[in-house]
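Inside the fold
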Amino acid sequence: SSFFISGNKDSDFDPTPVLIGSMKISWNLSLSGRMSAFSNEKKAINIYGWGLSYKPGGEDRKSPWNFGINSGVYKHFNNISSSSFTLSLMRKIYLRKSDVFLGISSNNVKGVNYNTDQNIDSQDFKYIFSNFIFGTTIKLKGIKILPAFNYRTDNFVVIIGLQKEF
């Protein structure tokens, strides 16, 4: 699957494509990876990471629950370098021919801002926050469209993914 990330409208941050791949290790465990590289005349961005997804239950009776662990690195050349660790819990709910996903995630992000107020000195930062997650799957001509919303009291993020399975 793939998706785009973008900053707020006042920033000079252009949308960045992110590619994600996933491989089943067993009937209830999947390994995923993601990467992105983007540059233009103003900036260069590099994103990569990995994750594990576990679905409890039996092979003959799949659970609607999904536990996830993700780690990643974000580098914005000569500006920010950060790493993250996320734990998530998701539940799939079936509503009228649609899958709805509800969940929560706990996120830890730490890094260095090299461009703090155009000063020469860098500044370390660390954020710990949680998000509520709401998403669904829309099937259209063999491709899944995956809209999702991540919400916390001071932030709202919309993610639109495209997925093709083979």
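None of these values were measured; they are calculated from a predicted model. In this numbering scheme, every chain counts its residues from 1 along its sequence in written order. Thresholds applied to this predicted model are a pLDDT of at least 70 for local features of residues and 80 or more for the giving and counting of side-chain atom pairs; totals over whole chains, interfaces and linings are not thresholded and use all residues. Only hydrogens and water are set aside when side-chain values are computed; all heavy atoms of the structure are taken into account.

Examining the overall build of the chain
Heads up, the rule is: Going along the chain from the N terminus, every DSSP run of H or I of four or more residues is numbered as a helix, and every run of E of two or more is numbered as a strand. Burial status follows relative accessibility: with a 1.4 Å probe on protein chains alone, a residue under 20% of its type maximum counts as buried, one over 50% as exposed, and anything between as partly exposed. Contacts are residue-level and defined by heavy atoms, with any inter-residue pair within 4.5 Å sufficient. What sets the accessible areas is the Shrake-Rupley method with a 1.4 Å probe; for residues, cover comes only from the shown protein chains.
Summing up its helical and strand segments, the chain has zero helices and eleven strands in all. Scanning the chain from its N terminus toward the C terminus, one meets helices and strands in the order β-β-β-β-β-β-β-β-β-β-β. When each of the 166 residues of the chain is scored for burial, the buried share is 26%. Contacts spanning at least 24 positions in sequence make up 33% of the contacts within the chain whose residues lie at least 6 apart. With an accessible surface of roughly 11,800 Å², the chain has 59% of that area assigned to carbon and sulfur atoms.

Quick notes on the pairing of strand β11 (residues 155–163)
Looking along a regular strand, one sees the side chains alternate between the two faces of the sheet. This is how the line gets drawn: Strand pairing is assigned whenever DSSP detects at least two bridges linking the two strands.
Across nine bridges, strand β10 (residues 143–152) lies against β11 in antiparallel orientation. Each bridged residue has a counterpart across the sheet, and for P147 the counterpart in β11 is I160. Hairpin connection of β10 to β11: two residues between the antiparallel strands.

Describing the pattern of salt bridges
Rule in force here: By convention in these notes, a salt bridge is any Lys or Arg side-chain nitrogen within 4 Å of a carboxyl oxygen on Asp or Glu.
Taken as a whole and judged by the stated rule, the model has two salt bridges. Between D99 and K92 there is a salt bridge, with the nearest N and O atoms lying 4.0 Å from each other. For R152, the salt bridge goes to D154, with nearest N and O atoms at 2.8 Å.

Things to note about the environment of D99
One can find D99 in strand β7 (residues 98–113). When the C-alpha positions of D99 and I138 are compared, they lie 8.4 Å apart, and in sequence the two are 39 residues distant. Residues in contact with D99, not counting those within four places in the same chain, are K92, I93, Y94, G135, T136 and T137.

Looking at the confidence of the model for the chain
Close reading of the predicted structure is inappropriate where its pLDDT is low. Put simply, the rule is: As a per-residue quantity, pLDDT reports the predictor's confidence and falls between 0 and 100.
In this model, the chain carries a mean pLDDT of 83, and residues with pLDDT of at least 70 account for 86%. In the predicted structure, residues 1–10 sits below a pLDDT of 50 and forms 31 contacts with residues beyond four places in sequence or in another chain.

Some thoughts on the side chain of N131
Topologically, N131 is positioned in strand β8 (residues 123–136). Classification of N131 by relative accessible area gives buried; the value is 9%. With near-sequence residues (within four places) excluded, N131 lies in contact with G103, I104, S105, N107, N150, Y151 and R152.

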